[in-house]
Amino acid sequence: MGMYDPVPLLFTPLTEEGQRERAVNFLEHCKSRRSVREFSTRPVPRGIIETIVKTAATSPSGANKQPWRFVIVDDPGLKRRIRVSAEAEEKESYERRMPASWLADLEELGTDWHKEFLEIAPYLIVVFKEKYRNTDGQIKKNYYVDESVGIACGFLLAAIHNAGLVALTHTPSPMNFLREILRRPQNEVPYLLIPVGYPAVNAVVPSITKKPFSEIMQFNVESAE
Ligand SMILES: Cc1cc2nc3c(=O)[nH]c(=O)nc-3n(C[C@H](O)[C@H](O)[C@H](O)COP(=O)(O)O)c2cc1C
């Protein structure tokens, strides 16, 4: 068992003005992020993708278990197999598995079972969640796995946007085929499939809005009147 070993916190104080500026600038930056479904084949240096993954790995996690694995795919053969399997599942979902209400919600996004972007984008980052660890035959549980991997994926998406790249948060369902194709062990479950790259020339995105601030925030306890 590890021992508690405190070290001084590295903390850079900002002036209130500096804080305000950084907060507003980050908000404006985040507002310009969009999920992109039309990619260019323009290559991205692998080092940039690795730096983005390292950023995701700085994320907090339950008991610091870091229950994630990021598989970076640029091999055309693997990308093809992933696309073929994803499209087979998505076709089944769109044509038979999804209820009408779900299909209606997807209508405004203009999506269907075709997933060309899985071959066009230069990289796919496939995120796995590690349910438990198997160390020398001993099963050790991870904690708050979904929360931890979800937060790390938030860092990942922010790092992709910060690096001037675009991505799609994709969840073909079910996605166990990713474990088979990428030969990951049984204790890992596919979590997200994220194509990353540059947008296609003249790429379009659905016109959507975010909820008003008043709908997503409560300050203390407000009167019910
Ligand atoms: C957990 C999660 C799963 C998603 N799955 C898909 C998906 O399978 N296919 C897709 O086209 N978009 C998917 N999206 C993208 C959403 O449709 C998109 O984030 C939403 O419409 C808001 O658009 P924006 O990201 O441009 O703000 C997913 C997003 C999240 C967070």
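See the structure shown above.
Residues numbered from 1 in each chain as written. Predicted model: local features only at pLDDT ≥ 70, side-chain atom pairs only at ≥ 80, totals over all residues. Heavy atoms only, no water.

Caption draft 1: View of the packing of helix H2 (residues 46-56) against helix H6 (residues 145-162). Contact geometry for H2 and H6: axes closest at 8 Å, N-to-C directions at 145 degrees. Pair H2 / H6 crosses with right-handed handedness. Of the residues in H6, those in contact with Ile52, Val53, Thr55 and Ala56 of H2 are Ala152, Phe155, Leu156, Ala159 and Ile160. Among the residues forming the contact of H2 with H6, the class breakdown is eight nonpolar, one polar and no charged. (Axes fitted to C-alpha atoms, helices over the stretch in contact; angles between N-to-C directions. Helix = DSSP H or I, 4+ residues; strand = E, 2+ residues; numbered from the N terminus. Left-handed = near helix turned anticlockwise from the far one by under 90°. Contact = heavy atoms within 4.5 Å. Nonpolar A, V, L, I, M, F, W, Y, C, P; charged D, E, K, R; others polar.)

Caption draft 2: Structural view of the side chain of Arg179. By secondary structure assignment, the location of Arg179 is in helix H7 (residues 177-181). Among buried Asp, Glu, Lys and Arg side chains, Arg179 stands out as unpaired, with Glu180 the closest opposite charge at 6.0 Å. Aside from chain neighbours lying at most four places away, what touches Arg179 is Phe128, Arg184, Pro185, Gln186, Glu188, Val189 and Pro190. (Buried < 20%, exposed > 50% of the residue type's maximum accessible area, 1.4 Å probe, protein only. Lys, Arg positive; Asp, Glu negative; His and termini not counted. Salt bridge = Lys/Arg side-chain N within 4 Å of Asp/Glu carboxyl O.)

Caption draft 3: Representation of a nonpolar patch on the surface. Taken together, the side chains of Phe213, Ile216, Met217 and Phe219 define a hydrophobic patch exposed on the protein surface, amounting to about 470 Å² of accessible area. Its location among the elements puts Phe213 in helix H8 (residues 213-216). Taking the relative accessible area as the measure of exposure, Phe213 reaches 58% and is therefore exposed. (Patch = residues over 30% accessible without salt bridge, like charges linked within 9 Å, V, L, I, M, F, W, Y side chains within 5 Å. Areas by Shrake-Rupley, 256 points an atom, 1.4 Å probe, with all protein chains shown as cover.)

Caption draft 4: Molecular detail of the environment of Pro67. Here Pro67 lies in the loop between H2 and strand E1 (68-73). Taking C-alpha positions, Pro67 is 9.8 Å from Ala57, a pair spaced 10 residues apart along the chain. Pro67 has contacts with Ser61, Phe128, Lys129, Glu130, Asn142, Val145, Ser148 and Val149, leaving out every residue within four places of it along the chain.

Caption draft 5: Expanded view of the site of the ligand. In the vicinity of the ligand, the residues found are Arg33, Arg34, Ser35, Arg37, Leu109, Thr111, Leu168, Thr169, His170, Thr171, Ile208 and Lys210. Here Arg33 contributes a side-chain N or O atom positioned 2.9 Å from an oxygen atom of the ligand. Between an oxygen atom of the ligand and a side-chain N or O atom of Lys210, the distance comes to 2.7 Å. Burial of the ligand by the protein amounts to 68% of the accessible area it has alone, namely 620 Å². Looking at the shell around the ligand residue by residue, the class counts come to three nonpolar, five polar and four charged. (Near = heavy atom within 4 Å. Polar contact = N/O pair within 3.5 Å; in protein donor to acceptor, adjacent residues only side chain to side chain.)

Caption draft 6: Expanded view of the nonpolar core. Judged by nonpolar contacts, the single largest core of 24 residues is most densely connected at Phe70, Ile125, Val127, Leu156 and Ile194. Among the secondary structure elements, those contributing two or more residues to this core are H2, E1, strand E2 (123-130), H6 and strand E6 (188-197). Counting residues per element, this core draws most heavily on H6, at seven residues. Residues in contact with Leu156, not counting those within four places in the same chain, are Ile52, Val53, Ala56, Phe70, Ile125, Val127 and Ile194. Ile82, Phe128, Leu178 and Leu182 belong to the second largest nonpolar core, which has 20 residues in total. (Core = buried A, V, L, I, M, F, W, Y, C linked by side-chain atoms within 4.5 Å.)

Caption draft 7: Up close: the layout of surface pockets. Looking at the largest pocket, its volume works out to about 570 Å³. Every residue lining the largest pocket is counted, 27 residues in all, and those nearest its centre are Arg37, Tyr94, Thr111, Asp112 and Lys115. If you list the elements that add at least two residues to the lining of the largest pocket, you get helix H3 (76-97) and helix H4 (100-107). Tallying contributions element by element places H3 first for the lining of the largest pocket, with four residues. (1 Å grid on protein atoms, 1.4 Å probe; cavity = no way out; pocket = protein on both sides within 12 Å on 5 of 7 lines; lining within 4 Å. Points joined across faces, edges and corners; volume = space filled by probe spheres on them.)

Caption draft 8: Geometry of the pattern of salt bridges. In total, this model carries 14 salt bridges according to the counting rule given. Glu50 serves as the salt-bridge partner of Arg46, at 2.8 Å between the closest nitrogen and oxygen. You can see Arg46 and its partner Glu50 sitting in helix H2, four residues apart, about one turn around the helix. Classification of Arg46 as exposed rests on a relative accessible area of 55%. One salt bridge connects Glu188 with Arg69, and the closest N-O pair in it is separated by 3.9 Å. Here Glu188, found in strand E6, pairs with Arg69, found in strand E1; they are 119 residues apart in sequence, far enough to count as distant. By relative accessible area, which is 40% here, Arg69 ends up partly exposed.

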